[in-house]
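# Architecture at a glance
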Amino acid sequence: IDAQLWGDHGQEALENAHVCLINATATGTEILKNLVLPGIGAFTIVDGHKVTGEDNRAQAATELLQELNSDVSGNFVEESPDKLLDNDPEFFHRFSLVIGVQLIESTCLRLAGVLWNAGVPFLVCKTYGLVGYMRLAVKEHTVVESHPDNALEDLRLDQPFAELKNHIQSYDLDNMDKKDHSHTPWIIVVAKYLEKWYNEHNYQLPKNYKEKEAFRQLIREGILKNENGVAEDEENFEEAIKNVNTALNPTKIPSTVQDILNAEGWKNITAQTPAFWVMARAVKEFVENEGEGKLPVRGTIPDMIADSEKFINLQNVYREKAMQDASVVSKHVESLLQSVGKVCVYKSKKKCKNAAFLRVVRCRSLADECSVELVNKDEITSCMDNPDSEMVLYLMLRSVDRFFQQHSRYPGVYNYQVEEDIGKLKLCVNSLLQEYGLNVNVKDDYIHEFCRYGANAIKMITHQFVPFNNTFIYNAMSQTSATFQL
Amino acid sequence: VVDGMTFSVMAVDSGHGGNARDWDGRWNHVQKFLERPGPFTHPDFEPSTESLHFLLETCKILVIGAGGLGCELLKNLALTGFRQIHVIDMDTIDVSNLNRQFLFRSKDVGRPKADVAADFINRRIPGCNVVPYFKKIQDFDESFYRQFHIIVCGLDSIIARRWMNGMLMSLLIYEDGVLDPSSIIPLIDGGTEGFKGNARVILPGMTACIDCTLELYPPQINFPMCTIASMPRLPEHCIEYVRVLQWPKEKPFGEDVPLDGDNPEHIKWVFQKSQERASEFNITGVTYRLTQGVVKRIIPAVASTNAVIAAACATEVFKIASSAYVPLNNYLVFNDVDGLYTYTFEAERKENCTACSQVPQDLKFAPSATLQDILEYLTENASLQMKSPAITATIDGKNRTLYLQTVASIEERTRPNLCKTLKELGLTDGQELAVADVTTPQTMLFKLHFTS
């Protein structure tokens, strides 16, 4: 049933994935649990720590996680990530995703470098007291079916394609019996009244509020009246009036998709070009030729008051056009592949229907984030205009890493350390701010709070792989969160 | 540090607080929050070593629901240190639950969720004492609910939420119009649907309750009857037609055999008939999976959304039980369809909330209006949204049932009253009507005002 959410494609991708988790802590195992349950293909846990007693943590975690889903294949490596990086860094190249939990800064940066160059997405997770932190580092992550919640419909009322025009013409609202009139889909109603409007307004769409209101009134006047001149109850006309606002939006390519179609890096297709970019290029060629500046028609319409026949017929007009457009895009894909000596193997039709939902996420590397020259000073300082912004938690996490580097332990682990560590941690905060030239104020309260935590992890939020870009901070004290691009 | 899933039973006899079940350092992580002062703690917070004892031994939590949210909640609460946990769930385990309700295995299918969940937690987390109830929340009364310090809901039904909300309202004690704070039982409510979820903290009598914010809940998908009966357009309409009209008419598996969404034979029958209906109207898209989804009213669920919301709820339980931090004030919305998004705000109390405002509710109708009109108002009004209200009134000194739907014989007897006018029924201006409904454990009183 969950596959209804991410579809069969998504489920397939999930089942082919092999995820590596480094450190089977509470947070780490929680993350894996949420990947194992829906059916990830395989996981490998890398952990050199021991559970008190005999069992290695990696092994214990693997066995327990396996219980959750027998279709998933679980493996473990009883080794610290540093050792692996020393002896066999290519070990990590085989994974679709590496999740690093509670890593110390030096290990984290080493690993990030290896993974960045190998093109393996890296998700860093830290929980510290009541603060959760996630950082995604992936050069480029492409999303074909982004399933946005409230996407606008693709109705083409401002630029109806030929088949839609013909279909609209087949209706004669002024000469229909009452039943048909009341069960005509609102899309047709709007289209018909738009024609009337065009005649009186020089073929210009209603543009501002005043004009849209006038247009709504035009439709309202079209509602049938009974013999006493009182308006009948025509729900389809009410729907038409309600939808005027969005139905008349000019058809255009969303800017996110424009960016993808115009992406520089993939102008030339080679045999190595990933499928997503071949598709993007094919869509671009469609837009520039058969599409006449528009994307392939999406082909779906919302449900609306109408009798079955009228609705199905209208739906089919959109559906068939969508299939036609998808075929054309497919042909572009085929010829592009042929031109570099490859044969088209995968099914492109489904992907074409969602051309408006193509997304690319590019994250900066950890190396850039931490480099003095390339640090995102603007983002940090502008967020810190509010000294209680979640950004302060990010700065505290960085400072705590610094503390660990200097003292080989986290602040405030033991009660007697808390007082003294507040001072020491403050020094770390100041040296961090100075090194990066950040002119911001970190309130003492936060320094105190982080000493209070004593490196503890009350398990927090956990996630499946979601392409946020690129840093997510969760504050359980206030139950708020924020995403930053660092 | 306690590593939940990876920890096997390891009882070391050194005890913190003399408890042989607690090995050295077992509660270190929690203690740091309870025994250390800090800048963001609740104003009333005082660091103390007794808080841990309260958390472990005394604090009694009730978890409602042992499904997607419930499993996560039980795990989180048990790992945090709560030991007196009670859980209510009226369902048994289905194979479709196994991909996220991780306390259950395939061998448990058919057994009550509450029982299996309690077993799992009690065995995996030494010292924890989860008490299960394979019952409905309506099977318990005030004396049961009064024993808990905090109640956490992981329900999938708005009706059940409203009932629970009403129950906690009925426990409130007012003295001379002033609310006695010791009668307040905080309610933490979590809900999820696909990639979306919410968590909220309700302090009955003090903050916004479930009914105060009824419009925040997405409208339930109920297709209009005329669409189902004569003008289907979507595959869902065809399936609903078979479920609502054809099954009761044809009784394919025998007299009095209700449609069971878990019975593959039943679903197969509905699927076939839905396809036939669909082809009559040239509708495509009827699949077995969709049929099952519509019949069972399944809302697709994701393990991680439940994890997020349960974590937020458990955090609030901890904050309230320990006073360590200021609780969420008071509504958190979560969405991870596109990136990660949370939004926190303070839901406001409704001045005339039907559940928590103690403001008498008015009904304004003309004496020529019918009982049916009142019935429709009670079910369709956005703030009331009752399901099958039963209306009684005192007429000529006698208590009379005007209409009751839930008992077939009484429904038949009182049905003629629906067409009668309020005047004909003997109702007078200013009189009280008592209304009972599944959405509230207490009868609601309305005052009838005649309009001209």
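Residues numbered from 1 in each chain as written. Chains lettered and ligands numbered in written order. Predicted model: local features only at pLDDT ≥ 70, side-chain atom pairs only at ≥ 80, totals over all residues. Heavy atoms only, no water.

### Brief notes about the sheet that holds strand 14 (residues 432–437) of chain B
Pairing between sheet strands relies on hydrogen bonds along the backbone, with the strands arranged either parallel or antiparallel. All names here are of chain B. Our working rule: At least two bridges found by DSSP between two strands is the condition for calling them paired. Segments assigned H or I by DSSP are reported as helices when at least four residues long, segments assigned E as strands when at least two residues long, and all are numbered from the N terminus. Orientation is described by lines fitted to C-alpha atoms, with helices fitted over the stretch in contact, and by angles between N-to-C directions that extend from 0 to 180 degrees. We call two residues contacting when some pair of their heavy atoms lies within 4.5 Å.
Ordered by their spatial adjacency, five strands build an open sheet running 11-15-14-12-13, and the pairing between neighbours is mixed. Two strands close off the open sheet at either side, each with one partner strand: strand 11 (361–365) and strand 13 (398–403). For this sheet the average axis-to-axis angle between neighbouring strands, irrespective of direction, equals 35°. In this structure, strand 11 lies alongside strand 15 (residues 440–450), joined through five bridges in parallel fashion. Across the sheet, the residue bridging to Phe365 is Phe450, located in strand 15. Contacts from helix 12 (residues 371–380) reach strand 11, strand 12 (390–395), strand 13, strand 14 and strand 15 within the one sheet, and its direction differs from that of strand 11 by about 135°.

### Focus on the sheet that holds strand 8 (residues 196–202) of chain B
Residues and elements named next belong to chain B. A sheet is described by the order of its strands in space; here eight strands give the open sequence 3-2-1-4-7-8-9-10, paired in mixed fashion. The open sheet has two free edges, formed respectively by strand 3 (129–133) and strand 10 (341–345), since each of these has just one partner strand. Strand-to-strand, the axes of this sheet are offset by a mean angle of 15°, without reference to chain direction. As judged from the five bridges shared by strand 1 (residues 60–64) and strand 2 (residues 84–88), these two strands associate in the parallel manner. Bridge pairing in strand 2 links Leu62 to His86.

### A closer look at the UniProt feature "domain: E2 binding" (unreviewed entry) in chain B
Using the following cut-off: UniProt positions are given in the numbering used here, feature names are shortened, and annotations may be inferred rather than shown by experiment.
This chain's UniProt record puts "domain: E2 binding" (unreviewed entry) on residues 363–451 of chain B. Here residues 363–451 of chain B runs as 19% helix and 36% strand, with 10 Å between its end C-alpha atoms.

### Brief notes about the nonpolar core
Burial of nonpolar side chains together is a common tendency in soluble globular proteins. Worth spelling out the cut-off: We call a set of buried Ala, Val, Leu, Ile, Met, Phe, Trp, Tyr and Cys residues a nonpolar core when their side-chain atoms join them within 4.5 Å. Only protein chains enter the accessibility calculation, which uses a 1.4 Å probe; a residue is then buried when its area is under 20% of its type maximum, exposed when over 50%, and partly exposed in between.
Phe92(A), Ile99(A), Phe122(A), Leu395(A) and Phe450(A) are the most contacted members of the largest nonpolar core, which totals 146 residues. Of the residues forming this core, the biggest block, eleven residues, is contributed by helix 11 (residues 303–322) of chain B. Not counting the four nearest positions on each side in its chain, Phe122(A) is found in contact with Val98(A), Gly100(A), Leu103(A), Cys108(A), Leu111(A), Ala112(A), Leu115(A), Arg135(A), Leu136(A) and Ala137(A). Counting 56 residues, the second-largest nonpolar core is a separate cluster that includes Val189(A), Leu205(A), Phe237(A) and Leu248(A).

### Here we look at the confidence of the model for chain B
Any segment with low pLDDT has predicted coordinates that should not be analysed in fine detail. Residue and element names in this part refer to chain B. Let me state the cut-off plainly: One confidence number per residue, pLDDT, is output by the predictor and ranges from 0 to 100.
Overall, the prediction assigns chain B a mean pLDDT of 87, with 93% of residues at 70 or greater. Between residues 1–20, whose pLDDT stays under 50, and residues either more than four places distant or in other chains, the model counts 47 contacts. ipTM for the predicted complex: 0.77, alongside a pTM of 0.80.

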